[in-house]
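Structural description and commentary
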Protein chains: 12
Amino acid sequence: MSDHVYKVVELVGSSTDGVEPAIENALDKAGDSIRQMRWFEVQETRGHIEDGAVAHYQVVLKVGFTLDD
Amino acid sequence: MSDHVYKVVELVGSSTDGVEPAIENALDKAGDSIRQMRWFEVQETRGHIEDGAVAHYQVVLKVGFTLDD
Amino acid sequence: MSDHVYKVVELVGSSTDGVEPAIENALDKAGDSIRQMRWFEVQETRGHIEDGAVAHYQVVLKVGFTLDD
Amino acid sequence: MSDHVYKVVELVGSSTDGVEPAIENALDKAGDSIRQMRWFEVQETRGHIEDGAVAHYQVVLKVGFTLDD
Amino acid sequence: MSDHVYKVVELVGSSTDGVEPAIENALDKAGDSIRQMRWFEVQETRGHIEDGAVAHYQVVLKVGFTLDD
Amino acid sequence: MSDHVYKVVELVGSSTDGVEPAIENALDKAGDSIRQMRWFEVQETRGHIEDGAVAHYQVVLKVGFTLDD
Amino acid sequence: MSDHVYKVVELVGSSTDGVEPAIENALDKAGDSIRQMRWFEVQETRGHIEDGAVAHYQVVLKVGFTLDD
Amino acid sequence: MSDHVYKVVELVGSSTDGVEPAIENALDKAGDSIRQMRWFEVQETRGHIEDGAVAHYQVVLKVGFTLDD
Amino acid sequence: MSDHVYKVVELVGSSTDGVEPAIENALDKAGDSIRQMRWFEVQETRGHIEDGAVAHYQVVLKVGFTLDD
Amino acid sequence: MSDHVYKVVELVGSSTDGVEPAIENALDKAGDSIRQMRWFEVQETRGHIEDGAVAHYQVVLKVGFTLDD
Amino acid sequence: MSDHVYKVVELVGSSTDGVEPAIENALDKAGDSIRQMRWFEVQETRGHIEDGAVAHYQVVLKVGFTLDD
Amino acid sequence: MSDHVYKVVELVGSSTDGVEPAIENALDKAGDSIRQMRWFEVQETRGHIEDGAVAHYQVVLKVGFTLDD
């Protein structure tokens, strides 16, 4: 594994349900164009508020994937 | 929307149930005195431990609201 | 001056025209309720994009004012 | 409480189920050797991806416990 | 204690005598309008210099207080 | 809006005229290949100096755009 | 000295009297189990408030000690 | 040079031999698809351990390249 | 260019007119004693407020110059 | 692998020869008491200077190891 | 005051007596060569340990002084 | 050693050969005008790329030296 090269992209996923679904939505969408995703790191957790309650969560995450074929 | 001014306050919500309920408790309580809350950002996630398990979660968050009337 | 106490609030100003007007809009609006503002520090500069161009700038700033009477 | 001394250790918990279970797994395991844990702070949230979905969450946390007897 | 909500304000205290008196001056003044202060965290320590010596110390601190009644 | 996924790219724009033109140059160029840009955040402001004066400004910014179609 | 290996631990000391006594309390307690402590770095300064005044100071510090025998 | 626009990507290179070879491996691989790379910045240096020794180094780096044609 | 050595100094420029003039004032003044300045990086943007409006902008910047002759 | 718990310790290794040997010295020494080390992250690189040249390099690193048996 | 230019230098002061005396020692020594010092900011507080107790405190501070004559 | 005062300067060294030679070049050049250098800390590691390979490494470092006589 020692000579692999990875690329890292930054994504923002969102969900009305919580932090984990927002992460999963981001990966699900990104998986359409990126294969071989290996890890993620949460950069920020935030969200929008409507009528005094959380309207949806947004999670900014970095996703690493293998650049090798 | 371009000439709005927002104010940002820092709150700490807590809950025995998890991260999202702690956020929602903070917004719920803050909504008593702050109207027109628009977004939040999580600054820190922490908690207290009792008998070797999580007693409650605490989430420090910034909340932005419109200053205009 | 050595025994003054200051309070610091966080504001977000915006403007279609640039960074400085966004700062000035924030101070102008905040001045309605805060007297004796003394200094500001820019925390973040960002903005929204429409049709591939800057729609408006947003500047997050901290503003310090005297708490003494 | 004012003269207590605490020690802080850094742990990484993981879980296939989410952020809170990963925290609880870390505390549960650490509780075998550390008594009198008092608080935790989340340092990082990340995870591994398999087949385009979250395989498991990893949470890096600091845990404080009383050094006094 | 698990369902309390706290608000956090940022203050700058100053004193000609040192770091601890600057913190205490800030709390003393803030106590006029904020009841139920619970904790503080030092954000920055700085000061002004006159004639090559410290004229006064300034300490920027965050103060958390209970929002519940 | 709650289930959108965004991608974030990092760009460096430059201009001999100032901070705002450097941001606008970056967006203008990026708009050739990225549609549906929604927001930007300034990461760094810097520049080159020639003959003791600013030769050009460089602004590092993150730009978010919708990944959905 | 060039081939020594150090280990670093994180401690929280507290004192009703101020920042320096909190540091000294932490070292004093840690010295029961750690010999050959060499340096410390302050990570955070905070405290608890009772009746509008500092009840005690807490100082989070890293302490380095020689791992060699 | 003042009106160029750059794009910045994040890569992770690895090598069994050290920090510099890990950087060079990342650039070598990235050069297959990115032309006109101009600069890099190291973000993190880390690695994996096997049998108590470094198995390979990993270097996270940002790479800037000209977006102009 | 590969064997040059640079020195970096930190300056604070100010101007009643905005961010760019504050940078230019700093470079203009520094140019009296520093030759061969090559680049700058903005560290902080702040300012003083009088009568509810910006009295002047202050920009903290690092300036790099060639140490070689 | 998803339910493992790791502990992270902070070490400082040093060497007259360079960054990689300092890392290896730290791991070599730590391996006497810590089995099952898995990864490291460099936190800081520094060193001492004697007679205008590097006397030895010091690398501060975090090392993660399995807490499970 | 709006067109002044300041230079900022970084100093490390030390004292066996505490944080404030370490700051004052740094300013006192620096005052031999720098006139017109105006403000300081503490960057780090640390120290050396001998026989399990603080041998001396070290405070890293930035000091700003007027560059104008 | 407890009453020494140090000054810290920021330098950028570069080398076609790697990180350590870039550090050594910076110290070597700085040693022409600074005597009594005591320690260094790496702030950033970066470099320029030509033809898809590292043209030279640049290391930003802080260097502390004794201000005493």
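Residues numbered from 1 in each chain as written. Chains lettered and ligands numbered in written order. Predicted model: local features only at pLDDT ≥ 70, side-chain atom pairs only at ≥ 80, totals over all residues. Heavy atoms only, no water.

**Description of the overall build of chain A**
- The secondary structure content of chain A amounts to 1 helix and 3 strands.
- Helices (α) and strands (β) of chain A occur, in sequence order from the N terminus, as β-α-β-β.
- Taking 2.2 N^0.38 as the reference for a compact globule, 69 residues should give roughly 11 Å; the C-alpha atoms of chain A span a radius of gyration of 14 Å, well beyond that estimate.
- Taking the principal axes of its C-alpha atoms as reference, chain A extends roughly 50 × 20 × 15 Å.
- Within the span of chain A, comprising 69 residues, buried residues form 62% of the whole.
- Contacts spanning at least 24 positions in sequence make up 62% of the contacts within chain A whose residues lie at least 6 apart.
- With the model as given, the accessible surface of chain A reaches about 2,900 Å², and the carbon-plus-sulfur share is 38%.
- With 6 positive and 13 negative side-chain charges, chain A shows a separation of 8 Å between the mean positions of the two kinds. (Helix = DSSP H or I, 4+ residues; strand = E, 2+ residues; numbered from the N terminus. Rg over C-alpha atoms; globule rule 2.2 N^0.38 Å. Buried < 20%, exposed > 50% of the residue type's maximum accessible area, 1.4 Å probe, protein only. Contact = heavy atoms within 4.5 Å. Areas by Shrake-Rupley, 256 points an atom, 1.4 Å probe, with all protein chains shown as cover. Lys, Arg positive; Asp, Glu negative; His and termini not counted. Charge placed at Lys NZ, Arg CZ, Asp CG, Glu CD.)

**Concerning the interface of chain B and chain C**
- On the side of chain C, 15 residues touch chain B, which itself brings 14 residues to the contact.
- For the pair chain B and chain C, the summed buried surface comes to about 1,200 Å²; carbon and sulfur atoms form 54% of the total.
- With its nearest N and O atoms 2.7 Å apart, the salt bridge here joins Lys62(B) to Glu10(C).
- Between the two partners, chain B and chain C, sit 4 residue pairs in polar contact (both at pLDDT 80 or more).
- Secondary structure elements with two or more residues in the side of chain B that touches chain C: strand 1 (6–15) and strand 2 (37–50) of chain B.
- Sorting elements by how many residues they give to the side of chain B that touches chain C places strand 1 of chain B first, with 3 residues.
- Looking at the side of chain B that touches chain C residue by residue, the classes come out as 6 nonpolar, 2 polar and 6 charged.
- Bridge count between strand 1 of chain B and strand 1 (residues 6–15) of chain C: 3 bridges; the pairing is antiparallel. Across the sheet, residue Val8(B) finds its bridge partner in strand 1 of chain C, namely Glu10(C). (Buried area = accessible area lost by both parts, 1.4 Å probe. Salt bridge = Lys/Arg side-chain N within 4 Å of Asp/Glu carboxyl O. Polar contact = N/O pair within 3.5 Å; in protein donor to acceptor, adjacent residues only side chain to side chain. Nonpolar A, V, L, I, M, F, W, Y, C, P; charged D, E, K, R; others polar. Pairing = 2+ DSSP bridges.)

**Description of the environment of Glu44(F)**
All names here are of chain F.
- Relative to the helices and strands, Glu44 resides in strand 2 (residues 37–50).
- Judged by relative accessible area, Glu44 falls into the partly exposed class, the value being 30%.
- Distance from Glu44 to Val12, taken between C-alpha atoms, is 9.1 Å for residues 32 residues apart in sequence.
- Ignoring anything within four residues of it in the chain, the contact list for Glu44 reads Gln58, Val59 and Val60.

**So, the relation of the copies chain D and chain J**
- Overlaying chain D on chain J yields an RMSD of 0.0 Å, the required transformation being a rotation through 120° with an accompanying axial translation of 0.0 Å. Both copies are brought into coincidence by an operation consistent with a three-fold rotation axis. Using C-alpha coordinates, one finds that chain D approaches the rotation axis most closely at Val9(D), a distance of 4.5 Å. (Least-squares fit on C-alpha atoms with pLDDT ≥ 70 in both.)

**Quick word on the interface of chain D and chain J**
- In this complex, chain D contributes 15 residues to the contact, which on the side of chain J involves 14 residues.
- For the pair chain D and chain J, the two sides together bury roughly 1,200 Å², of which 54% comes from carbon and sulfur.
- At the surface where chain D touches chain J, the tally comes to 1 salt bridge.
- For the pair chain D and chain J, the number of links is 4 residue pairs in polar contact (both at pLDDT 80 or more).
- Mapped onto the side of chain D that touches chain J, the elements with two or more residues apiece are strand 1 (6–15), helix 1 (19–30) and strand 3 (53–66) of chain D.

**Structural notes on unusual backbone geometry**
- Backbone geometry at Gln36(E) places phi at a positive 65°, although glycine is not the residue there.
- Topologically, Gln36(E) is positioned in the loop between helix 1 (19–30) and strand 2 (37–50).

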